[in-house]
Amino acid sequence: MTSYDTNNIFAKILRGEIPSKTVKETHSTLAFHDAFPKAPIHILVIPKGSYVNMAEFLNHARDEEIVDFWSTVQGVIEELKLQETGFRMISNNGTNGGQEVPHFHIHLCGGEKLGPMLPKA
Ligand code: 5GP
């Protein structure tokens, strides 16, 4: 497995060292507001386990963690009524993906029309 930086910002959030605004929390998943939102609604969903990226998560997490993660994503979508008006789900992975925080996460963005998927599209 890729080495995990225990001092990344999401690890600190999970340890309670940095405050965050929780939307949903289960035994293995946390959903919280992005501190620098790029849309009126911008939620981050992370597994509590130490996974650097999506491949690490899907290849090494227990089935129960994976199911819980995606159930929590769907729970947030329903709770914030994102399905009705639409939303964008993004996961930046690695250098080309522009991943800034090396702890696997997905972004759920909505609340307005978000425009083209990529700036050059
Ligand atoms: P990435 O670029 O890795 O896909 O996304 C990292 C996200 O974490 C960014 O959208 C950024 O705004 C968010 N972020 C960075 N620092 C903090 C923080 O301290 N708290 C929260 N809630 N979000 C953060």
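Residues numbered from 1 in each chain as written. Predicted model: local features only at pLDDT ≥ 70, side-chain atom pairs only at ≥ 80, totals over all residues. Heavy atoms only, no water.

Colleague: Before we go on, may I ask you to explain the overall build of the chain in this structure?
Modeller: Scanning the chain for helices and strands turns up five helices and five strands. Order of helices (α) and strands (β) in the chain, N terminus to C terminus: α-β-β-β-α-α-α-β-α-β. For the chain, the C-alpha radius of gyration of 14 Å lies close to 14 Å, the compact-globule estimate for 121 residues. Projected onto its principal axes, the C-alpha positions of the chain cover 35 × 30 × 30 Å. (Helix = DSSP H or I, 4+ residues; strand = E, 2+ residues; numbered from the N terminus. Rg over C-alpha atoms; globule rule 2.2 N^0.38 Å.)

Colleague: Explain the site of the ligand to me, please; I cannot follow it from the model alone.
Modeller: Around the ligand, the surrounding shell holds 18 residues, and the nearest of these are Asp34, Asn92, Glu100, His105 and His107. Within the side chain of Lys38, a nitrogen or oxygen atom sits 3.3 Å from an oxygen atom of the ligand. Starting from 520 Å² of accessible surface for the ligand in isolation, the protein chains cover 89%. For the shell around the ligand, the secondary structure elements donating two or more residues are α1 (9–14), β2 (29–33) and β3 (41–47). Per-element tally for the shell around the ligand: the top contributor is α1, with three residues. (Near = heavy atom within 4 Å. Polar contact = N/O pair within 3.5 Å; in protein donor to acceptor, adjacent residues only side chain to side chain. Areas by Shrake-Rupley, 256 points an atom, 1.4 Å probe, with all protein chains shown as cover.)

Colleague: Help me understand the nonpolar core in this model?
Modeller: Most often, soluble globular proteins keep nonpolar side chains buried together rather than apart. Judged by nonpolar contacts, the single largest core of 16 residues is most densely connected at Ile43, Val45, Phe57, Phe69, Val73, Ile106 and Leu108. Those elements giving two or more residues to this core turn out to be β3, α3 (63–79) and β5 (106–110). The dominant element in this core, judged by the number of residues it contributes, is α3, at five residues. Once residues within four sequence positions are removed from consideration, Phe57 is found in contact with Pro47, Tyr51, Glu65, Ile66, Phe69 and Phe104. (Core = buried A, V, L, I, M, F, W, Y, C linked by side-chain atoms within 4.5 Å. Buried < 20%, exposed > 50% of the residue type's maximum accessible area, 1.4 Å probe, protein only. Contact = heavy atoms within 4.5 Å.)

Colleague: Before we go on, may I ask you to explain α3 in this structure?
Modeller: Counting along an α-helix, one turn takes 3.6 residues, and residues three or four places apart therefore face a common direction. Taking 1.5 Å per residue, 17 residues should reach 24 Å; α3 reaches 24 Å between its end C-alpha atoms and fits that length. Of the residues making up α3, those classed as buried are Glu65, Ile66, Asp68, Phe69, Thr72, Val73, Gly75, Val76 and Ile77. Just past α3, the residue Lys81 takes up positive phi, approximately 55 degrees. (Expected span 1.5 Å × (residues − 1).)

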